[in-house]
Amino acid sequence: MPIRIEHVGRDFGPLRVLDDVSLAIEDGTFVTVLGASGCGKTTLLNMVAGLSPPSRGRILLDGKPIAGPGPDRVVVFQQPGLYPWLTLRDNVAFGLRMRSARQIEWPRVDEVIAVMGLRGFESHRPYELSGGMQQRVALARALVMQPRVLLMDEPFAALDAQTRHNMQRFLLELWEKIQATVLFITHDIDEAILLGDRVVVMGARPGRIVLEQSVPLSRPRQWEMSLEPAFIDLKRQALHILAG
Ligand SMILES: Nc1ncnc2c1ncn2[C@@H]1O[C@H](COP(=O)(O)OP(=O)(O)OP(=O)(O)O)[C@@H](O)[C@H]1O
Ligand SMILES: [Mg+2]
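Looking now at helix α8 (residues 229-242). The end-to-end C-alpha distance of α8 is 20 Å, a good match for the 20 Å that 14 residues give at a rise of 1.5 Å each. Of the residues making up α8, those classed as buried are Phe 231, Leu 234 and Ala 238. Seen along its axis, α8 keeps its buried residues to an arc of 75 degrees; they face one direction. Set apart from the buried face of α8 by more than 90 degrees, the exposed residues are Pro 229, Arg 236 and His 240. On the buried face of α8, the contacting elements are β3 (30-35), α7 (189-195), β9 (198-203) and β10 (208-214).

Now the structure itself:
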């Protein structure tokens, strides 16, 4: 599902948070967004999610203006936001239950649980899981919906380095299967380059796009690619902008 962000601006009262942001995301591409804290990344993602409207410009999904949240777009936030009273399995199935109360495809739920490395914990409640496991449940809950569009707001920021690497691998493997259109916000330059087909770097006050660059690395991606000159070049450009 292609996304077109056209000359979008967003104000909160007198504060101009985003100004003239334009971005075209082709169907099935993975776009990562970097930018300093407070530059408007979450604001942009929330508008694509349909949680808040632009002040100026428009956002089109499949050629139609976004009028609100929809089942075609699933959001993963930095905090897992699980339901404490539900088991892991019921948390993963939650979105499917909302979509169709009668038929939950449990084999699909269990497959995603297995892929996320959560087998054996199906009947645990969130408080019985580590932070990394909870975030994997949140990701499983999103992916089981097989969304056309996946909107991710620093989903791995709270994780330790090892879990984070595992999650990046899981996400790329799954993305290659479901071919969703992904908008992924991160503070981590390496993560942005390693995951993305394209990297967008935003500047602040007002938030705008300063750099938009294709990532010249083949897929499947491996961590070792961060040692390649093309990777380092792009990292240097991003660092230069972020250092401001
Ligand atoms: N609902 C709101 N009402 C008023 N101001 C808001 C609202 N949402 C965001 N802002 C302001 O807009 C600016 C951008 O916020 P946003 O959350 O989009 O930044 P961000 O780039 O996601 O930052 P971070 O990397 O810290 O998550 C901030 O100055 C923030 O205070
Ligand atoms: Mg944010």
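Here the narrative resumes, following the displayed structure.
We now examine unusual backbone geometry. In this model, Arg 205 is joined to Pro 206 through a cis peptide bond whose omega is -10 degrees. By the secondary structure assignment, Pro 206 is in the loop between β9 and β10. Residues Arg 219 and Pro 220 are joined by a peptide bond in cis, for which omega reads 0 degrees. A positive phi angle, close to 45 degrees, is found at Gln 146, a residue other than glycine. With respect to the secondary-structure elements, Gln 146 resides in the loop between α5 (131-143) and β7 (149-153). At Gln 179, a residue that is not glycine, the phi angle is positive and equals roughly 50 degrees. Inspection of the secondary structure assignment puts Gln 179 in the loop between α6 (161-178) and β8 (181-185).

What counts as what
Residues numbered from 1 in each chain as written. Chains lettered and ligands numbered in written order. Predicted model: local features only at pLDDT ≥ 70, side-chain atom pairs only at ≥ 80, totals over all residues. Heavy atoms only, no water. Helix = DSSP H or I, 4+ residues; strand = E, 2+ residues; numbered from the N terminus. Expected span 1.5 Å × (residues − 1). Buried < 20%, exposed > 50% of the residue type's maximum accessible area, 1.4 Å probe, protein only. Arc of directions from axis to C-beta. Contact = heavy atoms within 4.5 Å.

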